[in-house]
Amino acid sequence: MDKKEILSKFSTDPERYYNVKLFENQGFERKSCATCKRFYWTMDENRTNCPDHSDDTYSFIGNPPTKKRFDYTQAWKEVESFFVKNGHTSVSRYPVVCRWRDDLYFTIASIVDFQRVMGSKVVFEFPANPLIVPQTCLRFKDLENVGVTGRHFSSFCMIGQHSIPNSHGYWKDECVDLDYRLITEQFGVDKKEVVFVEDVWEGGGSFGSSLEFFVKGLELGNAVFTEFQGDLSNYKTLEQQIIDMGAGLERFAWLTMGTPTAYDCCFGPVTNNLLQQTGIDANDEIIVQYFTEIAKYLEQFSGLSEVRKNAIKSAHLSDEQINRIITPLEGIYLIIDHIRTLIFAISDGALPSNVGGGYNLRIMLRRIISTMDRLSLKFDVNEIVDVQIDYLKNTYPELEKTREDIKTIIGIESGRYENSKLRMEKIVSKLNQKPTVEDLIRLYESDGVTPDYLKEMKVISDIPSTFYSKLSELHQSKKQKEQDQLSLEGLPETELLYYGDDPKEFDAKVLKSFDKYVILDKTSFYARGGGQEPDRGTVGKFEVIDVSKHGNVIVHELKNGIPKEGSVVSCIVNSKRRNGITKNHTSTHILNSSTRSVLGSWVWQHSAFKEEDHARLDITHHSALTDDEITKIEKLANSIVEKDIPVTIENFDRGTAEQKYGFKIYQGGIVPVKSVRIVSIKDFDIEACGGTHVKKTGEIEIIKITRTKRIQDGVVRLEFVSGETALDYIKQHDADLIKKSAELKEKMELKEKRHGQKQDMKEKFPILVEAIIQNKIGTNNVNEIIVDITESGKPNFCSTTSEQYDEFFHIGLGEKLIEKDPWMVYCGVFEDGDKIRAIIYSGDHAAKDKKAGDIAKTVSQILGGAGGGNQRFAQGGGKDKSKKNDAIEKVKSMVLGV
Ligand SMILES: [Zn+2]
Ligand SMILES: [Zn+2]
């Protein structure tokens, strides 16, 4: 059964699903829309159509149906005071980064605040009943509509009205009554204007009938009566019914203000500031006309460009008016909307990146910059952030704390975008046809080229409407962990001794043993979890090589056999290993909070790994760490160690823990159980954690960061050691340092010596050359230099293979020799590391016949390598050091012909 079918099923029984006391008391009439046949409830006897098909659609623009005007801030105050007056608790918003659900990056509806996933089931946990919450929700699917339609936002405030029907809370009758009175009494809308439309809403595995409420064609909210779970054709009644009313705060404000768009009354003074800077007259009559037409056509056409085209036509806009007023206005709306979303997301600890939910934020910022570039708008983004926070903090005072951090992150990310522009220009210049949606996605995913940039470069004229939704889908699903499926049915929960006295030696009964696995009735072996590696030791006479958790059962993996089922075995946990791991685990908590206070509020634990002798902590951060930052982090962490602060562990009900400490406790991810184990190091670090910890921070002795590295966009890894391992590391490190500096010193001395030698040589060369040339007869030996002098007009030969000479010497001597005697051929052969090299010079006269290049080729062949050069100078060599003398003999015979 699909949604339409279940709706018509519910609508055949309106008494059961839709009729409420209010309708009877006030005399509402149930009607079917003349156009679409949907059922709705109204007090207006002349109404014939549902709000989607009425003539009064969006007639509140320029003509609001209320006497009082309320902007975004004031509208919330009205809503809040009304519900509080009527017995509701007003709850602060939850973070927009949805830390308590691992299937969502961002909070998309107010009800998500109170949903917790346990296994495959969604449960509801309310901090109060009934309650209301001004929940900021992020939605990126309609991004191309933002700024254009007058009512689409990338983030908006959902007024959440939630109740569980019991002695405190209520069900349908009171819910609809409250919503009706909110609109009519608190906001002062005429009773006849309120229309309730029958609908069905499903999400998160549950669903129910719902009543959407409208005024002047504007949907203000939807009251969902959640009472079923399962899918639409196969469902059963929920144990717990839930009132899930979500309304758009921006829409309440818009309705009372009657501005051309919802953007005009929901961002505070910033809109007018930017309009003034651009020179657009906000009161221009054509703006009202145009956006009223847009509102009408939005229901009629699905394509945005179609909507826009028709609105332009109906409002009789000239090209000049579009370019001067409408296009820049759309740009301004987009910029303000996107900056507001970034303010919330960054404030709650999300970073722009190319992975996960971070990509949405990156795209937002790039859209802001390309829009400014395309329209030549020169706005100061920091100033826009400031003005917006000044306004938003009336409703969300917590934003003040992260004001500077938000500007820092936006600044860094903008800089990166500017730097990547040159590369993007190149990529774009190579495009030879109009890109498809798939091309656009690939261009963004692999090259970071946004469609907004392509629009700016005039490669495309419009962004395809499916682009952002397709891209969103790509990034929606998160990876699910896979685990071996073992048959463990019927086994009781393992008693966890490590959460109690934590004995390192204990006896336990074997409940089940198979393959290489054993399950005990109780255990002190810590199972792999929360980045902490498992314990080792022995169970009976068998070595434990792995320990894992399957539901509530601990499975030990053994080597070389398993004990008998039913037997009692004595078990020993390797306590040295456990101690190392424990110190590293508490150190991870200390480092996590240290990095946050040194670097900024955006730092969250991304993941962690704790072994006996090493550990790592991956944090969310925008750039690689500098030496100075590392020093500061290490210093702060060690000051916490020195203070010897007690590490306390307490169990709380999950809801209580969240209310008391906030969502920062979920550094290690979500907690899928109702009771939360809170590990605190005073106020310095408070986390929900199931790992093992030291009793006082002093036990850690010392924390040493050994290496840091940016491992992916937005994630930095810190590798570290603690306790004894850290002390050993420092000792070793110091010894290495001493060794290194000694080596360096030696190197420097050698270099100086060589330099001295070279100077010496330079002075000696002329004398040496003179001696060689003077020695006219036969073969002689001058400093192991062999000289063959022939009669005048024939080539002479000089060579050396002496170990005491290097490249510098051969080049120096060869040059000078052939200068002095143009009939001379010089060959120097010497060893250089694992190679043997030859340097050849041939004087001007000798070179006519005996070219240096030819000689080098021949000699290199003998040495097992290759060589070459010109006729005057050449070099070569090979690896065969044993052929040294053969090589010289060959050269000699080539030159002298003997
Ligand atoms: Zn209709
Ligand atoms: Zn932990």
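Higher on the page you've got the structure.
An account of the accompanying structure is given in this report. Keep in mind it's a predicted model, so treat the numbers as computed, not measured. (Residues numbered from 1 in each chain as written. Chains lettered and ligands numbered in written order. Predicted model: local features only at pLDDT ≥ 70, side-chain atom pairs only at ≥ 80, totals over all residues. Heavy atoms only, no water.)

1. Side note on the overall build of the chain
And step 1. What the chain contains, in helices and strands, is 23 helices and 33 strands.
And step 2. Rg of the C-alpha trace for the chain: 40 Å, well past the compact-globule value of 29 Å for 898 residues, more than 25% over.
And step 3. Split into buried and exposed, the 898 residues of the chain put 53% on the buried side.
And step 4. Working note: accessible area of the chain is about 41000 Å², and carbon and sulfur atoms make up 48% of it.
And step 5. If the 120 positive side-chain charges of the chain are averaged to one point and the 135 negative ones to another, these points end up 3 Å apart. (Helix = DSSP H or I, 4+ residues; strand = E, 2+ residues; numbered from the N terminus. Rg over C-alpha atoms; globule rule 2.2 N^0.38 Å. Buried < 20%, exposed > 50% of the residue type's maximum accessible area, 1.4 Å probe, protein only. Areas by Shrake-Rupley, 256 points an atom, 1.4 Å probe, with all protein chains shown as cover. Lys, Arg positive; Asp, Glu negative; His and termini not counted. Charge placed at Lys NZ, Arg CZ, Asp CG, Glu CD.)

2. What to know about the coordination of the zinc ion (ligand 1)
And step 1. Only Cys33 (SG), Cys36 (SG), Cys50 (SG) and His53 (ND1) from the protein coordinate the zinc ion (ligand 1), and they sit 2.1 to 2.4 Å from it.
And step 2. What the 4 donor atoms of the zinc ion (ligand 1) show is an angle range of 96 to 118° at the metal, which sorts the shape as tetrahedral.
And step 3. Sequence positions of the donors to the zinc ion (ligand 1) reduce to the motif C-x2-C-x13-C-x2-H. Of this pair, cysteine 33 sits in the loop between β1 (29-32) and β2 (39-42) while cysteine 50 sits in the loop between β2 and α4 (72-85); the two residues are 17 residues apart in sequence, bridging distant segments of the chain. (Donors = N, O, S within 2.8 Å, 3.2 Å for Na, K, Ca; no water. Tetrahedral: all angles 85-135°; square planar, octahedral: opposite > 155°, others 65-115°.)

3. Looking at the coordination of the zinc ion (ligand 2)
And step 1. Those protein atoms acting as donors to the zinc ion (ligand 2) are His585 (NE2), His589 (NE2) and Cys689 (SG), and they sit at 2.1 to 2.3 Å.
And step 2. Here the donor residues of the zinc ion (ligand 2) are spaced in sequence according to H-x3-H-x99-C. Separated by 100 residues along the polypeptide, histidine 589 in helix α17 (residues 575-599) and cysteine 689 in the loop between β24 (685-688) and β25 (703-712) bring together distant segments of the chain. Side by side, histidine 589 and cysteine 689 carry an identical accessibility label, which is buried.

4. Here's the deal with the side chain of histidine 88
And step 1. For histidine 88, the location among the structural elements is in the loop between α4 and β3 (89-90).
And step 2. Residue histidine 88 is classed as buried on the basis of its relative accessible area of 5%.
And step 3. A polar contact is formed between the side chain of histidine 88 and the side chain of tyrosine 170, at a distance of 2.6 Å.
And step 4. Apart from residues lying up to four places away in sequence, histidine 88 is in contact with Phe83, Pro130, Leu131, Ile132, Gln161, Tyr170 and Leu178. (Polar contact = N/O pair within 3.5 Å; in protein donor to acceptor, adjacent residues only side chain to side chain. Contact = heavy atoms within 4.5 Å.)

5. Quick look at the sheet that holds strand β17 (residues 542-550)
And step 1. Read around the closed barrel, 6 strands run β13-β14-β18-β17-β16-β19, paired in antiparallel fashion. Ignoring strand direction, the axes of neighbouring strands in this sheet form an average angle of 45°.
And step 2. Relative to strand β19 (residues 568-573), strand β13 (residues 505-514) runs antiparallel, the two being bridged by 5 bridges. Among the inter-strand pairings, alanine 508 is bridged to a residue of β19, identified as valine 569. (Pairing = 2+ DSSP bridges. Axes fitted to C-alpha atoms, helices over the stretch in contact; angles between N-to-C directions.)

6. Focus on the nonpolar core
And step 1. Among the nonpolar cores identified, the biggest contains 194 residues, and Phe23, Phe196, Tyr290, Ile335 and Phe467 are the most heavily contacted of them.
And step 2. Among the elements that take part in this core, helix α10 (residues 319-347) stands out by supplying 15 residues, more than any other.
And step 3. When near neighbours in sequence (up to four residues on either side) are disregarded, phenylalanine 196 contacts Leu22, Phe23, Phe28, Tyr40, Trp41, Val176, Tyr180, Leu211, Glu212 and Phe213. (Core = buried A, V, L, I, M, F, W, Y, C linked by side-chain atoms within 4.5 Å.)

7. Examining the pairing of β24
Strand residues, when the strand is regular, have side chains that alternate between the two faces of the sheet.
And step 1. Pairing geometry for strand β23 (residues 675-681) and β24, over 4 bridges, is antiparallel. Directly across from valine 679, in β24, lies its bridge partner glutamate 687.
And step 2. If you look at the hairpin formed by β23 and β24, you'll find 3 residues sitting between the two strands, and lysine 682 has a positive phi there, around 45°.

8. Notes on the packing of aromatic side chains
And step 1. Under the counting rule described, the total for this entry stands at 44 aromatic pairs.
And step 2. Ring geometry for phenylalanine 10 versus tyrosine 17: centroids 4.0 Å apart, planes at 20°, classification stacked.
And step 3. In this structure tyrosine 17 comes out as buried when scored by relative accessible area, which is 10%.
And step 4. Pairing phenylalanine 207 with tyrosine 235 gives two aromatic rings, centres 4.9 Å apart and planes at 85°, and the pair type is edge-to-face. Of the two residues, phenylalanine 207 is situated in strand β9 (residues 206-215) and tyrosine 235 in strand β11 (residues 234-248); the sequence distance between them amounts to 28 residues. (Phe/Tyr/Trp six-rings, centres within 6.5 Å; stacked < 30°, edge-to-face > 60°.)

9. Structural notes on the side chain of threonine 149
And step 1. Structurally, threonine 149 is set in the loop between β6 (131-138) and β7 (155-163).
And step 2. Side-chain polar atoms of threonine 149 contact the side chain of histidine 152, separated by 2.7 Å.
And step 3. Aside from chain neighbours lying at most four places away, what touches threonine 149 is Tyr263, Ile294, Leu298 and Leu304.

10. Remarks on helix α9 (residues 304-314)
And step 1. Every buried residue belonging to α9 is among Leu304, Val307, Asn310, Ala311 and Ile312, and all of these are buried.
And step 2. Here the buried face of α9 lies against α8 (285-300) and α10.
And step 3. One or two positions beyond α9, positive phi appears at histidine 316, with a value near 50°.

11. Examining unusual backbone geometry
And step 1. The omega torsion of the bond from asparagine 129 to proline 130 falls at -10°, within 30 degrees of zero and hence cis.
And step 2. Following the sequence through the fold, proline 130 ends up in the loop between β5 (121-124) and β6.
And step 3. Of note in this structure, lysine 37 is not a glycine but carries a positive phi near 70°.
And step 4. Assignment of secondary structure puts lysine 37 in the loop between β1 and β2.
And step 5. Using a relative accessible area of 53% as the deciding quantity, one classes lysine 37 as exposed.

12. Considering the pairing of strand β8 (residues 194-203)
And step 1. Of all 10 residues in β8, 7 are buried; the element is thus mostly enclosed.
And step 2. Strand direction decides the pairing type here: β2 and β8, joined by 2 bridges, are antiparallel. The residue of β8 that forms the bridge with tryptophan 41 is phenylalanine 196.
And step 3. In this sheet, β9 lies alongside β8 in antiparallel orientation, the contact comprising 10 bridges. Directly across from valine 195, in β9, lies its bridge partner phenylalanine 214.
And step 4. Where β8 folds back onto β9 in an antiparallel hairpin, the turn is made up of 2 residues, including glycine 204, whose phi is positive at roughly 60°.

13. Digging into the sheet that holds β3
And step 1. Ordered by their spatial adjacency, 9 strands build an open sheet running β1-β2-β8-β9-β10-β11-β7-β6-β3, and the pairing between neighbours is mixed. Strands at the two margins of the open sheet, each flanked by one partner only, are β1 and β3.
And step 2. This element, α4, spans β3, β6 and β7 of the sheet and lies at about 150° to β6.
And step 3. Set on the sheet, α10 makes contact with β6 and β7; between it and β7 the angle comes to about 55°.

14. Comments concerning α10
And step 1. Along its 29 residues, α10 runs 41 Å from first to last C-alpha, staying within 8% of the 42 Å computed at 1.5 Å per residue.
And step 2. Largest kink in α10: about 25°, centred on isoleucine 326, with the proline proline 328 one to four residues after it.
And step 3. Burial runs high along α10: 25 of the 29 residues are buried.
And step 4. Count one or two residues on from α10 and you reach glycine 349, which has phi positive near 95°. (Expected span 1.5 Å × (residues − 1). Bend = angle between axes of the 7 residues up to and from the residue.)

15. Comments concerning the environment of cysteine 98
And step 1. Topologically, cysteine 98 is positioned in the loop between β3 and β4 (115-118).
And step 2. Residue classification places cysteine 98 among the buried positions, given a relative accessible area of 3%.
And step 3. Sequence-wise, cysteine 98 and valine 112 are 14 residues apart; in three dimensions their C-alpha atoms are separated by 8.4 Å.
And step 4. The contact partners of cysteine 98, leaving out residues within four places of it in the chain, are Leu104, Tyr105, Phe106, Thr107 and Val112.

16. A few points about the packing of helix α11 (residues 358-374) against helix α13 (residues 403-429)
Axis angle and axis distance: for two packed helices, these are the angle between their axes and the distance between the axes, and together they describe the pair.
And step 1. Between α11 and α13, the least distance of the axes is 10 Å, while the angle of their chain directions is 65°. Judged by the twist between their axes, the crossing of α11 over α13 is right-handed. Each of Arg362, Leu365, Arg366, Ile369, Ser370 and Asp373 in α11 lies in contact with α13, whose residues at this interface are Ile410, Glu413, Ser414, Tyr417, Glu418, Ser420 and Lys421.
And step 2. Looking at the contact of α11 with α13, its residues break down into 4 nonpolar, 3 polar and 6 charged. (Left-handed = near helix turned anticlockwise from the far one by under 90°. Nonpolar A, V, L, I, M, F, W, Y, C, P; charged D, E, K, R; others polar.)

17. Quick notes on the environment of isoleucine 339
And step 1. Among the secondary structure elements, isoleucine 339 is positioned in helix α10.
And step 2. The buried category is assigned to isoleucine 339, whose relative accessible area is 0%.
And step 3. Sequence separation between isoleucine 339 and threonine 801 is 462 residues; the distance between their C-alpha atoms is 75 Å.
And step 4. If we skip the residues at most four places from it in the chain, isoleucine 339 touches Ile368, Val381, Ile384, Val385 and Gln388.

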